[in-house]
Amino acid sequence: MKRIYLLLALLVANAAVGVMAQTKVRIGDLYYNLEGDEASVAQPNGYSYPEQTYTVPPQVEYNGLIFNVTSIADRAFYESKLRSITLPNTLRRIGEYAFCECYNLTSVIIPSSVFLIGESAFEGCGNLTSVIFQSSTSVTFATGVGVRAFQDCVSLSTMVIPASVGFMYITSGDAYTCHTFEGCNLLRTLIYLPSKAPGGWTATTNTYVPSLEEYSSPLHRINNAKVIEMLTFNNQATTYGEAVDINDHKVNIADCGYELAGLTAKHGLHTDAGTWCD
């Protein structure tokens, strides 16, 4: 009887090891790298994904085991025909060159769970006009935006930088010569929500910031850059730390009509600022 139990245990263990050793499997329309209890959307073998629309699920099942989809692997959709993609709220990382040269991709919503966008992740997406970061008050997201992440996205005109972004470059190689928005010649509006300027930040035609003091020295200037404070105050309310009546300040972000009834703390500015252009 002990031998039977031992044999069954070995069979189960071998099945699990087989899954772990299988670096790439196809599940539905997508390929995945499986490791531990996590799955990463992978590049197909020898070719790019052929369809124009994909939905990445939050979980996949393989050999009876459940895997959380936590990343888009490096080069996963490189040079594909992709026009639209839906990303799950389990996603934490978008890898290097993940969507590079997806010229037909027009928009993307980055889930609030994402904390890293890799180098050249969306480089060369020439028809990409909209990049939206899902906001969240309880989840830290997009803490890093890699070098050339949106390079040569020539149709991109506006972007809001999430409050938790701490840096916009990778400190290696040519990190200081090529930047996140290299070649984005139509990028006219950047709205920064972090209370402190992210390392390696870029200023463009109209760059809206919480504080001119905190955002005094952009590492990169493009498209006739100008830096503008989001709010200005009258003589009775001169700091973000005071309660501000609606008549005591002016919203300077173009085409944003949100009226702020009161502001009680400086660190709360980025939360309110994120609602102005929703």
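Parameters and conventions
- Within each chain, residues carry numbers counting from 1 in the order of the written sequence.
- Local features in a predicted model are, by the rule used here, given only for residues with pLDDT of at least 70; side-chain atom pairs are given and counted only at 80 or more, and totals for whole chains, interfaces and linings are based on all residues.
- Side-chain numbers here rest on the full set of heavy atoms in the structure, without hydrogens or water.
- Here a helix means four or more residues in a row that DSSP labels H or I, a strand means two or more in a row labelled E, and each is numbered from the N terminus.
- Under the convention used here, a 1.4 Å probe and the Shrake-Rupley method define accessible areas, while residue burial counts only the protein chains that appear.
- Any Lys or Arg side-chain nitrogen located within 4 Å of an Asp or Glu carboxyl oxygen qualifies as a salt bridge.
- Relative accessibility thresholds used throughout: buried, under 20% of the residue-type maximum; exposed, over 50%; partly exposed, between the two (1.4 Å probe, protein chains only).
- When DSSP finds at least two bridges between two strands, those strands are taken to pair.
- For this analysis, a ring pair means two rings from Phe, Tyr or Trp (six-membered ring only for Trp) whose centres lie within 6.5 Å, classed as stacked if their planes differ by under 30 degrees, edge-to-face if by over 60, and tilted for the remaining angles.
- Only when the NZ atom of a Lys or the CZ atom of an Arg is both within 6 Å of the ring centre and within 35 degrees of the ring normal do we say a charge sits over the ring.
- Here a polar contact means two N or O atoms within 3.5 Å. Within protein one must be a hydrogen donor candidate and the other an acceptor candidate, and residues neighboring in sequence count only if both atoms are side-chain atoms.
- Among the buried residues, those of types Ala, Val, Leu, Ile, Met, Phe, Trp, Tyr and Cys that are joined through side-chain atoms within 4.5 Å form a nonpolar core.
- We call two residues contacting when some pair of their heavy atoms lies within 4.5 Å.
- The quantity known as pLDDT measures the predictor's confidence residue by residue, on a range of 0 to 100.
- Between N-to-C directions, angles span 0 to 180 degrees; the directions come from axes that are lines fitted to C-alpha atoms, helices contributing only their stretch in contact.
- Cysteine sulfurs are considered disulfide-paired once they come within 2.5 Å of each other.

**Student:** Hey, could you run me through the overall build of the protein chain in this one?
**Tutor:** Broken down by element type, the protein chain carries two helices and 20 strands. Counting only carbon and sulfur atoms, one obtains 50% of the accessible surface of the protein chain, whose full area is about 13900 Å².

**Student:** When you look at the pattern of salt bridges in this model, what are you seeing that I'm missing?
**Tutor:** Pairs can form between side chains of opposite charge whenever their charged atoms are close. The final tally for this structure, using the stated rule, is four salt bridges. A salt bridge links Glu-214 to Lys-196, with the nearest nitrogen and oxygen atoms 3.7 Å apart. Here the residue Glu-214 occupies a position in the loop between strand E16 (206–209) and strand E17 (220–221), and Lys-196 occupies one in the loop between strand E14 (189–192) and strand E15 (202–203), the gap between them amounting to 18 residues. On the basis of relative accessible area, Glu-214 is assigned to the partly exposed category, the value being 26%.

**Student:** Quick question: what am I supposed to make of unusual backbone geometry here?
**Tutor:** Comment: phi is negative for the bulk of residues other than glycine, and the bulk of peptide bonds are trans. Of note in the backbone geometry, Arg-75 takes a positive phi value of approximately 65° without being a glycine. Its location among the elements puts Arg-75 in the loop between strand E6 (65–72) and strand E7 (84–86). Owing to a relative accessible area of 35%, Arg-75 belongs among the partly exposed residues under this scheme. Within the chain, Tyr-97 stands out as a residue other than glycine whose phi angle is a positive 60°.

**Student:** Explanation requested: the pairing of strand E5 (residues 59–62) in the structure shown.
**Tutor:** Regular strands place side chains that alternate from one sheet face to the opposite one. Here E5 pairs with E6 via four bridges, running antiparallel. Opposite Val-60, over in E6, you have Phe-67 as the bridge partner. The antiparallel hairpin formed by E5 and E6 contains two residues in its connecting segment, where Asn-63 sits at a positive phi of about 50°.

**Student:** In this structure, what is going on with the packing of aromatic side chains? I would like to understand it.
**Tutor:** Two descriptors summarise a pair of aromatic rings, namely the distance from one centre to the other and the angle between the planes of the rings. Applying the stated rule across the entire model yields 10 aromatic pairs. For the pair Tyr-192 and Trp-201, a centre-to-centre distance of 5.4 Å together with 85° between the ring planes defines the contact as edge-to-face. Among the aromatic residues, ring-to-ring pairing joins Tyr-49, Tyr-54, Phe-77, Phe-99, Phe-122, Phe-150 and Phe-181 into one connected group. In this structure, Arg-75 packs its charged tip against the face of Tyr-78, placed 5.0 Å from the ring centre.

**Student:** In this structure, what is going on with the environment of Ser-113? I would like to understand it.
**Tutor:** Relative to the helices and strands, Ser-113 resides in the loop between strand E9 (107–110) and strand E10 (116–117). When the C-alpha positions of Ser-113 and Arg-92 are compared, they lie 5.5 Å apart, and in sequence the two are 21 residues distant. Within the local environment of Ser-113, its side chain forms a polar contact with the backbone oxygen of Asn-89, the two atoms lying 3.0 Å apart.

**Student:** Teacher, can you tell me more about the nonpolar core here?
**Tutor:** Among soluble globular proteins, nonpolar side chains are generally buried collectively. In this structure, Ile-72, Phe-77, Phe-99, Phe-122, Phe-150 and Phe-181 are the most contacted members of the largest nonpolar core, which totals 56 residues. Those elements that provide at least two residues to this core are strand E1 (25–27), strand E2 (30–35), strand E3 (38–42), E6, E9, strand E11 (130–133), strand E13 (158–161) and E14. Considering each element in turn, this core owes the most residues, four residues, to E2. Residues within four places of Phe-77 in sequence aside, it is in contact with Leu-30, Val-41, Tyr-49, Tyr-54, Ile-72, Leu-82, Ile-85, Ala-98, Phe-99, Cys-100 and Cys-102. Membership of the second largest hydrophobic core comes to six residues, among which are Ile-191, Leu-193, Met-230 and Ile-253.

**Student:** Mind showing me how you'd approach the confidence of the model for the protein chain here?
**Tutor:** Low pLDDT marks stretches whose predicted atomic positions should not be read closely. With 69% of its residues at a pLDDT of at least 70, the protein chain reaches an overall mean of 77. Averaged pLDDT values over the elements of the protein chain bottom out at 37 in helix H2 (residues 269–273) and peak at 98 in E3.

**Student:** I would appreciate a short explanation of the sheet that holds strand E18 (residues 227–229) in the present structure.
**Tutor:** Two modes of strand pairing occur in sheets, parallel and antiparallel, and in both the strands are linked by backbone hydrogen bonds. A sheet is described by the order of its strands in space; here four strands give the open sequence E13-E14-E16-E18, paired in parallel fashion. Looking at strand neighbours, the two that pair on one side only are E13 and E18, the edges of this open sheet. Averaged over all adjacent pairs, the angle separating strand axes in this sheet is 20°, with direction ignored. Two strands pair when backbone bridges link them, and E13 and E14 are joined in this way by four bridges, in the parallel orientation. Counterpart to Thr-158 in the pairing with E14 is Thr-189.

**Student:** Looking at this structure, I do not really get the pairing of E11. What am I missing?
**Tutor:** Here E11 shows a clear split, with Val-131 and Phe-133 buried on one side and none of Ser-130 and Ile-132 buried on the other. As judged from the four bridges shared by E9 and E11, these two strands associate in the parallel manner. Residue pairing across strands places Ser-107 opposite Ser-130, the latter belonging to E11.

**Student:** Sorry, what's going on with the state of the cysteines here?
**Tutor:** Note: disulfide means a covalent bond formed between the sulfur atoms of two cysteine side chains. Taken as a whole and assessed by the stated rule, the structure comprises zero disulfides. Summary of cysteine pairing: Cys-102 is not part of a disulfide, and the nearest cysteine sulfur, belonging to Cys-125, is at 5.2 Å. A residue is classified by how much of its surface remains accessible, and Cys-102, at 0% relative accessible area, is buried. With no disulfide of its own, Cys-184 lies closest to Cys-153 among cysteine sulfurs, the gap being 5.2 Å.

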